[in-house]
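Working through the structure, step by step
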Amino acid sequence: MKAGSNRRVALLAALGGFIIGVGVCVRFDLLSHGRAVSLFGGDGSTASNPPTVAIPDFADLASHVSPAVVNISTTQEVKNPHGLGGGPGGGPDDDDQFQEFFGPFEHFFNMPRRPFKARSLGSGFLIDEKGFIITNNHVVENADEIVVKLSTGKEFKAKVVGRDAKTDIALIELKGASGLPFVKLGNSDDLQVGQWVVAIGNPFGLENTVTAGIVSALGRHINQGPYDNFIQTDAAINPGNSGGPLLNTKGEVVGINTAIFSRGGGNIGIGFAIPINLAHEIVPQLKAKGHVTRGWLGVMIQKVTPDIADSLGLEEAKGALVADVVKDGPAAAAGLKQGDVIVEFDGKPVVDSAELPLLVARTGVGKSVRLKVIRDKETKEFTVKIGELKEEETAESSGTTSEDLGLAVQTLTPEVAENLNLDKSVKGVVVTQVEPGGPAAEAGLRRGDVILEVNRKPVKNAAAYQKAVRELGKGKSLLFLVRRGDNTIFLALKPPAS
């Protein structure tokens with residue numbers, strides 16, 4: 001057969017699911033559970049259509065909101081520790097090796113230390129027509145001068161009205177402004193994972209950049225402080241976006257873009273925003289007083305790990321474990337003790353210890369609240385009159401401790417206590433050695449820690465400690481009350497199986 005004929009007879013025609021060749025009819029079917037299933041439909045029928053996903057268009061939203069988003073530039077005079085000028089844009093501060101070379105000469109010749117101007121960029125958003133702006137505290141903290149630039153290019157000088165470092169929220173005000181566009185604040189409690197969100201800001205100095213993504217997670221704790229409760233998003237957030245708005249599809253602000261997780265300084269799809277409902281609570285106080293007044297419970301808390309839960313006989317690893325009670329504080333007056341596990345505060349469940357500081361902080365000073373606590377496997381209730389937080393009194397720690405546990409201890413003598421800056425009346429055993437990679441090390445125990453209790457029983461010396469450890473049931477976790485510096489923490493450790 002000729003080549004031309006071969007090409008002609010190789011004609012393929014799809015008709016009713018058939019492929020027709022040269023005198024051969026082939027139907028492409030798959031067998032499924034003993035029956036033929038066509039690739040073109042279930043049993044020869046038309047395949048069902050997939051659901052249509054509508055991709056939102058953010059053009060109108062961006063056009064409407066962008067005029068209320070501002071660029072913030074700050075200037076701060078920095079004393080140059082090396083005395084050679086430098087700073088941003090050049091000089092020895094940009095190169096440690098350069099400074100390493102010139103440093104000795106500077107010291108020898110007693111060269112003057114010249115300050116330089118450090119500049120930084122951030123974002124913010126107008127919340128009323130008079131020029132009040134919400135941004136991050138870290139954008140304006142320690143600034144000597146703040147200049148705000150609108151999307152029109154017009155610039156204003158601004159002053160700080162109030163700042164709150166604990167939540168990283170600040171309120172600033174434009175001087176001589178009026179009739180300005182402003183955003184609408186939404187309700188961040190309505191957010192759900194998977195919803196579309198839009199970020200607008202000044203990343204890397206690129207003004208009014210709009211990016212979109214989804215809510216990746218809610219209630220994230222990223223070790224930024226006791227009031228962590230971040231919205232996680234994959235909308236591109238970069239340096240310079242700080243203080244800018246995170247918006248829902250209605251154009252309402254639901255978050256304040258604050259931080260990113262990055263290995264190289266740029267966006268990798270993990271950004272964090274402060275829920276706007278937190279700003280709802282804080283901004284009125286910043287406007288009225290310049291600072292925030294918070295409730296105070298007077299306890300040091302830590303997370304309840306599975307090992308700690310096992311040691312305390314709890315059914316679940318939840319709640320906030322009281323590691324210490326501040327003397328003469330509200331909790332002490334109400335009768336709370338070390339080892340209590342707070343599982344409910346003012347009618348709200350406490351599942352994770354990180355939830356408690358925010359619940360307490362939001363409670364009005366002087367208000368009496370009911371606490372539900374597990375003590376010695378029994379549920380008890382206490383009424384606590386909330387005090388005013390003067391300094392940070394809450395802390396979180398994680399677990400540790402025990403035998404064939406990879407540690408050595410000795411009785412805490414008055415002399416050793418003095419060397420550790422402890423009161424001579426403190427009784428316990430001091431950790432003198434922790435085996436690298438051993439159970440104690442993995443649990444977090446450190447050399448210099450003082451073990452005060454083992455499984456809720458005081459250990460006044462090494463003999464009492466060894467006895468408490470030997471009495472441990474096989475496979476059971478040990479729970480230590482540990483003094484570390486000025487704090488006490490509980491550390492739980494499960495001995496290796498033998």
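Worth saying up front: this structure is predicted, and the values here are computed from it rather than measured.

Right, let's get into the overall build of the chain. When its secondary structure is counted, the chain shows 11 helices and 32 strands. By the burial criterion, 42% of the 498 residues in the chain qualify as buried. Sequence separation of 24 or more characterises 60% of the internal contacts of the chain that already satisfy a separation of 6 or more. Summed over its atoms, the accessible surface of the chain is roughly 26700 Å², and 51% of this surface lies on carbon and sulfur atoms.

As a further point, take the layout of surface pockets. What the largest pocket holds in volume is close to 460 Å³. If you trace the largest pocket, you find 21 residues lining it, with Asp189, Gly219, Asn229, Leu358 and Arg362 closest to the centre. Put simply, the parts of the chain that give the lining of the largest pocket at least two residues each are β14 (209-220), β15 (230-233), α5 (276-289), β23 (348-349) and α8 (355-361). Of the residues assigned to the lining of the largest pocket, the class counts are 10 nonpolar, 5 polar and 6 charged.

This part is about the pattern of salt bridges. Applying the stated criterion to the full structure yields 16 salt bridges. In this structure, the salt-bridge partner of Arg163 is Glu141, at a minimum N-O distance of 3.9 Å. With Arg163 in strand β10 (residues 155-164) and Glu141 in the loop between α4 (137-140) and β9 (145-149), this pair connects stretches of sequence that are 22 residues apart. Here Arg163 falls in the partly exposed class, since its relative accessible area comes to 33%.

Further remarks concern the side chain of Asn257. Within the element layout of this structure, Asn257 appears in strand β17 (residues 252-260). In contact with Asn257, other than residues within four places in its own chain, are Asn136, Ala199, Ile200, Ile237, Asn241, Ser242, Gly243, Gly244, Pro245, Leu246, Phe272 and Ala273.

What follows concerns unusual backbone geometry. Notably, Phe204 is not glycine yet its phi reads approximately 55°, a positive angle. Locating Phe204 in the fold gives a position in the loop between β13 (196-201) and β14. A positive phi is found at Asp376, a non-glycine position, where the angle reads about 50°. Mapped onto the fold, Asp376 is located in the loop between β24 (368-375) and β25 (378-385). Accessibility expressed as a relative area gives 66% for Asp376, which makes it exposed.

Helix length check: α5, at 14 residues, gives a terminal C-alpha distance of 20 Å against a target of 20 Å (1.5 Å per residue), a fit within 8%. If you look at α5, its biggest bend is around 35°, right at Ile282, and the proline Pro284 turns up within four residues after that. For α5, the full list of buried residues reads Ile276, Asn277, Leu278, Ala279, Ile282, Val283 and Leu286. Once α5 finishes, Gly290 follows within two positions and takes phi at roughly 85°, a positive value.

This part covers the nonpolar core. If you look at the biggest cluster of nonpolar residues, it comprises 32 residues, and the most contacted ones within it are Val65, Phe125, Ile134, Ile169, Leu247, Ile256 and Ala279. Those elements that place two or more of their residues in this core are α2 (59-65), β8 (132-135), β11 (169-174), β13, β17, β18 (271-275), α5 and α8. Among the elements that line this core, the one with the most residues is α5, at 6 residues. Residues in contact with Ala279, not counting those within four places in the same chain, are Ile134, Ile169, Ile256 and Pro284.

As defined by bridge partners, β24 adjoins β25 across 8 bridges and the pair is classed as antiparallel. Looking at β25, one finds that Ser368 is bridged to Lys385. Between the end of β24 and the start of β25, which pair antiparallel, lie 2 residues, with Asp376 showing a positive phi angle near 50°.

Moving on, we get to the packing of aromatic side chains. Geometry of an aromatic ring pair is reported as the spacing of the ring centres plus the angle between the planes. Per the counting criterion, the structure on display carries 3 aromatic pairs. With 6.2 Å between their ring centres and 70° between their planes, Phe230 and Phe272 make a pair best called edge-to-face. You can see Phe230 sitting in strand β15 and its partner Phe272 sitting in strand β18, a full 42 residues away along the chain. For the pair shown, Phe230 and Phe272 are each scored as buried. Positioned over the ring face of Phe132 is Lys287, at 4.3 Å from the centre of the ring.

Residues of helix α11 (residues 462-470) that are buried: Tyr465, Ala468 and Val469. Buried residues of α11, seen end-on, are gathered within an arc of 100° and therefore sit on one face of the element. Exposed side chains of α11 directed beyond 90 degrees from the buried face belong to Ala463 and Arg470. Here the buried face of α11 lies against β27 (407-411), β28 (429-434), β29 (450-454) and β31 (478-484). Two or three places before Ala464, at the opening of α11, Asn461 has a side-chain oxygen 2.8 Å from that residue's backbone nitrogen.

Across 5 bridges, the pairing between β27 and β28 is antiparallel. Bridge pairing in β28 links Ala408 to Gln433. As judged from the 2 bridges shared by β28 and β29, these two strands associate in the antiparallel manner. What sits directly across from Val429, in β29, is Ile451.

Cut-off values and rules
- Residues numbered from 1 in each chain as written.
- Predicted model: local features only at pLDDT ≥ 70, side-chain atom pairs only at ≥ 80, totals over all residues.
- Heavy atoms only, no water.
- Helix = DSSP H or I, 4+ residues; strand = E, 2+ residues; numbered from the N terminus.
- Buried < 20%, exposed > 50% of the residue type's maximum accessible area, 1.4 Å probe, protein only.
- Contact = heavy atoms within 4.5 Å.
- Areas by Shrake-Rupley, 256 points an atom, 1.4 Å probe, with all protein chains shown as cover.
- 1 Å grid on protein atoms, 1.4 Å probe; cavity = no way out; pocket = protein on both sides within 12 Å on 5 of 7 lines; lining within 4 Å.
- Points joined across faces, edges and corners; volume = space filled by probe spheres on them.
- Nonpolar A, V, L, I, M, F, W, Y, C, P; charged D, E, K, R; others polar.
- Salt bridge = Lys/Arg side-chain N within 4 Å of Asp/Glu carboxyl O.
- Expected span 1.5 Å × (residues − 1).
- Bend = angle between axes of the 7 residues up to and from the residue.
- Core = buried A, V, L, I, M, F, W, Y, C linked by side-chain atoms within 4.5 Å.
- Pairing = 2+ DSSP bridges.
- Phe/Tyr/Trp six-rings, centres within 6.5 Å; stacked < 30°, edge-to-face > 60°.
- Lys NZ or Arg CZ within 6 Å of the ring centre and 35° of its normal.
- Arc of directions from axis to C-beta.
- Polar contact = N/O pair within 3.5 Å; in protein donor to acceptor, adjacent residues only side chain to side chain.

Just distances and angles here, no functional claims.
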